[in-house]
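Notes for the structure review
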Amino acid sequence: MNRPSFLRLLVDGAPLPLYDEVLNRMVAEAATSAEVADLQAEHTLALHLRDTLEKRHARQEQQRALVECAKELAEDRSDPDTILTLIVSQAQRLLGCDMAYLSLNDNEQRVTCMRVMVGATSSAWKDVRIPFGAGVGGRVAATGTPFSTPDYFSDERLSHDPDVDASVRAERQVSIVGVPLRTSTIIGVLFGANRTPGPFSHDAIALLGSFADLAASAIDRARERHEKDRALTALRQRTVDQERAVAAHDQSMDIVLRGGGVQEVVTAVGDQLGGVLAIFDEFQTPVAWTPGAPPEALQAMAVAAGGRPGGSSGVTRDGTYWATGLVAGGENLGTLVWAPPASPGGVGDLDRRLLGRAAVVASLLQLFGRNLAAAEARVRGELLDDLLTPNPRTYSSLAERALRIGYQPQKRHAVVVAHIRAEKRHSLASVASDLAAARDGLSTVRDGLAVLVIPSDDPSLTGRQISRSMTTRLRSPVTVGAAGPVDDPADLPAAYAEALACAQALLRLERAGSAATADDLGYAGLLLGDGASATRFVMRTLGPVIQHDEQRSTVLMETLDTYFATGQSLVASAKRLHIHPNTVTQRLDRVKRLLGKDWNSPDHTLEVQLALRLHRLSRDLDD
């Protein structure tokens, strides 16, 4: 009888239905029931042996795939995040499941955090933190033991968490297996999942567990490589930084030893740091800056310099800018401000150290300059004392002295008088000298008051700046009166008297710490200042009209006096002056051209009338 045996079927790897066909033919040809029973037993044994061989072959294939995955992990030199993605992709391929994913443990918070998922259809899994003990992942992370469920939501062994359940539901996961990622401790969990119910076989769980051991070692190696690379990069950067720092130190010392100035410091440090660098004085005026810096950039940097507390050191960030105070012995010498270039690396520690070093060098140079200026200030102070003494015969010789020390009397100057409480006056002279020298001016102290003569077209603004700066440096309110501008040394004594009267008026108004000019104070300054203020008040208020009458023999002052005496009535004024009302109107139009269009506004009417009365009183007394 020519028929294949079950052994031949096994050797040939015949399909399963052929075994039944062979059995049926053999049973049909069997002569006895005993022979049939033997054939059936042989058939059963052959099927069992076939199943055993197939399982062994499957395990061999799994082991081969595991070895291939291990080789890939061992050869890959990627960063840790790339390694995690590779691990999850290989886990899905090994199990042939719908999706695979991985979480890493945070033992301090007792959660395992989702990091990578392959096969996902939503982003609900991202940033999910699985508490230890919750769900499959939390159970494995807490126990270090593999766990699988054929149906996640119906498994009573599981403890559920709302966020975890929401991510499982969003991915439509049903059967899930999780195994620990273990090195010396449990570092995370590796998962496989299907969107249909059904158990994972013991072989599949064992295979995933074996791969998880390899994966954990790969993660550990990747972390070590990453840390070594970071340490090596940091070491290289420190070496470069040290070289830059040494070069910067040598360059700074060279500038100091050569007697260079702050502009050289700014240029040198600006070349090292990039961007725009500038030094501002206490008034937020730039004194040195990167060559070619746009004016609008300097204006914005001045705002950053103004927002920094006076006298404070240390590099701080103010929005776009980095700033550090120029400080020597607690004295505020200005501010160094840096607008860094736009770069991916941002501002590093070395950049901040270089900026701080530049501030120290600039402070030294500023201090040297101020000490030199203080010596010159004594000479300048003596000159100012002489200039403030009304003696026209000596003005020509004083002007020559002024030119020899670099003071230019022909410039327009503001005269400032500063008052501070008696117990704070010990530093008044030095502070006034510093401020005057910084602005190419002169200073002295008279009767406990600082007097400064500073180039300026705006005495009111200059007075406020001096008051603010002196108040900050002396830590006590400084009251400032200002006058000018004057461009003739012969006018300095009168301007000094006016500034002094303004300072006295502020003190009588109990406005210590304020600053004002005679224009700022108006008639209040006349009432509260010294007696000499009356003539200046009249000339400041009505001077153009008085001069017009004197030069052209007009009667504008008489018309004004009559106009206010009749209650500002054109008709009554015309009747009293014996002229036509149109003539009164024409004269008042001329007054408006001389005094300004708002001369008759409510704000100025009182001052005009007061000046008229003082002028009339002065004429009566002269008569």
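Residues numbered from 1 in each chain as written. Predicted model: local features only at pLDDT ≥ 70, side-chain atom pairs only at ≥ 80, totals over all residues. Heavy atoms only, no water.

**What about the sheet that holds strand β5 (residues 175–182)?**
Taken in spatial order, the six strands of this open sheet run β3-β2-β1-β6-β5-β4, and their pairing is antiparallel. Whereas interior strands pair on both sides, the edge strands pair on one side only; in this sheet they are β3 (129–131) and β4 (147–149). Neighbouring strand axes in the sheet, compared pairwise and without regard to direction, differ in orientation by 25 degrees on average. The sheet contact formed by strand β2 (residues 111–118) and β3 spans three bridges and is antiparallel. Within the sheet, the bridge partner assigned to V111 lies in β3 and is P131. (Pairing = 2+ DSSP bridges. Helix = DSSP H or I, 4+ residues; strand = E, 2+ residues; numbered from the N terminus. Axes fitted to C-alpha atoms, helices over the stretch in contact; angles between N-to-C directions.)

**Details of the packing of aromatic side chains**
The final tally for this structure, using the stated rule, is five aromatic pairs. With centroids separated by 4.4 Å and ring planes inclined at 15 degrees, the aromatic side chains of Y101 and F191 adopt a geometry described as stacked. Within this pair, whereas Y101 is found in strand β1 (residues 99–106), its partner F191 is found in strand β6 (residues 186–194), the two being separated by 90 residues in sequence. Of the residues examined, F191 reaches a relative accessible area of 1% and is grouped as buried. When the ring of Y563 is compared with that of F564, the centres are 5.4 Å apart and the planes differ by 65 degrees; the resulting orientation is edge-to-face. Each member of the pair, Y563 as well as F564, is classed as buried. Taken together through their ring pairs, the aromatic side chains of Y563, F564 and W599 make up a single cluster. The residue whose ring lies beneath R446 is Y496, and the NZ or CZ to ring-centre distance is 5.5 Å. (Phe/Tyr/Trp six-rings, centres within 6.5 Å; stacked < 30°, edge-to-face > 60°. Buried < 20%, exposed > 50% of the residue type's maximum accessible area, 1.4 Å probe, protein only. Lys NZ or Arg CZ within 6 Å of the ring centre and 35° of its normal.)

**Description of the environment of A142**
Mapped onto the secondary structure, A142 falls in helix α5 (residues 135–143). Here A142 is in contact with F132 and G133, once residues within four sequence places are set aside. (Contact = heavy atoms within 4.5 Å.)

**So, the pairing of strand β7 (residues 276–280)**
Counting buried residues along β7, five of its five residues qualify, which places the element largely inside the surrounding structure. Burial along β7 is two-sided: the face carrying V276, A278 and F280 and the face carrying L277 and I279 are both buried. Strand direction decides the pairing type here: β7 and strand β8 (residues 286–289), joined by three bridges, are antiparallel. Directly across from F280, in β8, lies its bridge partner P286.

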